[in-house]
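So the chains spell out like this:
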Amino acid sequence: NELVVFRWLVAFLGPLTNHAQPLTFVSISPSDAVSPLAAAHAFRHSFKVGAAQDMNAMSEIMQAHPTVRLRPHVKTHKCVEISKLSLTVGGASGLCFQVLDELEPHIKRISEFDKSKGKLDFMLTSSVVGPIKLKRLKDLIELSEDTALISVLVDDVANLRQLVDLEI
């Protein structure tokens with residue numbers, strides 16, 4: 001049933017479904033039905049192509065503003081593949097992350113990123129507070145030491161002291 005496949009795709013892909021292009025689905029008769037995994041793969045490929053087109057358009061817009069650096073926020077897609085496209089096709093100078101949970105998969109898959117332009121530039125846009133999160137941040141920085149620059153925004157002097165005390 002087409003409706004069931006659509007609902008399954010939305011549940012499976014979650015945040016990837018908020019793409020700027022309208023979503024299109026081909027009607028499939030039950031005898032021609034494909035597995036949910038194959039349907040999801042086709043949908044992801046279609047999404048990636050659309051995202052690359054959007055990134056090309058944004059890159060062209062940014063060419064008119066050479067002093068402005070484009071730094072997309074990963075919170076909108078939470079997908080390493082889209083982040084890689086942002087840095088290559090999209091012309092992004094770096095990526096922003098809201099929380100450590102968004103940054104961590106990118107660091108763990110850092111070998112997949114193109115580093116021909118030097119270190120990757122990742123920025124955490126919220127404070128990292130508490131001993132457990134500070135330890136996780138330190139571990140991620142050490143894991144990516146040679147391949148990425150990780151910066152953290154702070155809004156509190158005490159939090160700044162905690163970051164300095166990490167002795168990274």
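What counts, and where the lines are drawn
Residues numbered from 1 in each chain as written. Predicted model: local features only at pLDDT ≥ 70, side-chain atom pairs only at ≥ 80, totals over all residues. Heavy atoms only, no water. Core = buried A, V, L, I, M, F, W, Y, C linked by side-chain atoms within 4.5 Å. Buried < 20%, exposed > 50% of the residue type's maximum accessible area, 1.4 Å probe, protein only. Helix = DSSP H or I, 4+ residues; strand = E, 2+ residues; numbered from the N terminus. Contact = heavy atoms within 4.5 Å. Phe/Tyr/Trp six-rings, centres within 6.5 Å; stacked < 30°, edge-to-face > 60°. Arc of directions from axis to C-beta. Pairing = 2+ DSSP bridges. Right-handed = clockwise from strand over helix to strand, strands pointing away.

Counting 23 residues, the largest nonpolar core has Leu103, Phe122 and Leu137 as the members making the most contacts within it. Looking at this core, the elements that each hand over two or more residues are α3 (80-88), β1 (95-97), α4 (100-108), β2 (120-124), α5 (131-143) and β3 (148-152). For this core, the element with the highest residue contribution is α5, accounting for 4 residues. Those residues in contact with Leu137 that lie beyond four places of it in its chain are Leu100, Leu124, Val128, Ile150, Val152, Leu163 and Leu166. If you look at the next biggest cluster of nonpolar residues, it comprises 5 residues, including Met55, Cys79, Ile82 and Leu85.

Further remarks concern the packing of aromatic side chains. Here the structure, examined in full by the defined rule, presents 2 aromatic pairs. Between Phe97 and Phe122, the ring centres sit 5.2 Å apart and the planes meet at 75°, which makes this aromatic pair edge-to-face. Taken together, the residues span a long stretch of sequence, with Phe97 in strand β1 and Phe122 in strand β2 at a distance of 25 residues. We classify Phe97 as buried; its relative accessible area is 0%. With a centroid separation of 6.1 Å and an interplanar angle of 70°, the aromatic rings of Phe113 and Phe122 are classed as edge-to-face. Neither residue differs from the other here; Phe113 and Phe122 are each classed as buried. By the ring-pair criterion, three or more aromatic residues cluster together here, those being Phe97, Phe113 and Phe122.

This paragraph deals with α4. Every buried residue of α4 is listed here: Leu100, Glu102, Leu103, His106 and Ile107. When α4 is viewed along its axis, its buried side chains cluster within an angular range of 155° and face the same direction. Relative to its buried face, α4 has exposed residues pointing more than 90 degrees away, namely Asp101 and Lys108. Buried positions along α4 lie against α3, β1, β2, α5 and β3.

Sheet analysis places β2 next to β3, joined by 5 bridges and oriented parallel. Counted as the bridge partner of Asp121 is Leu149 from β3. As for the winding sense of the linkage, the β-α-β connection from β2 through α5 to β3 is right-handed.

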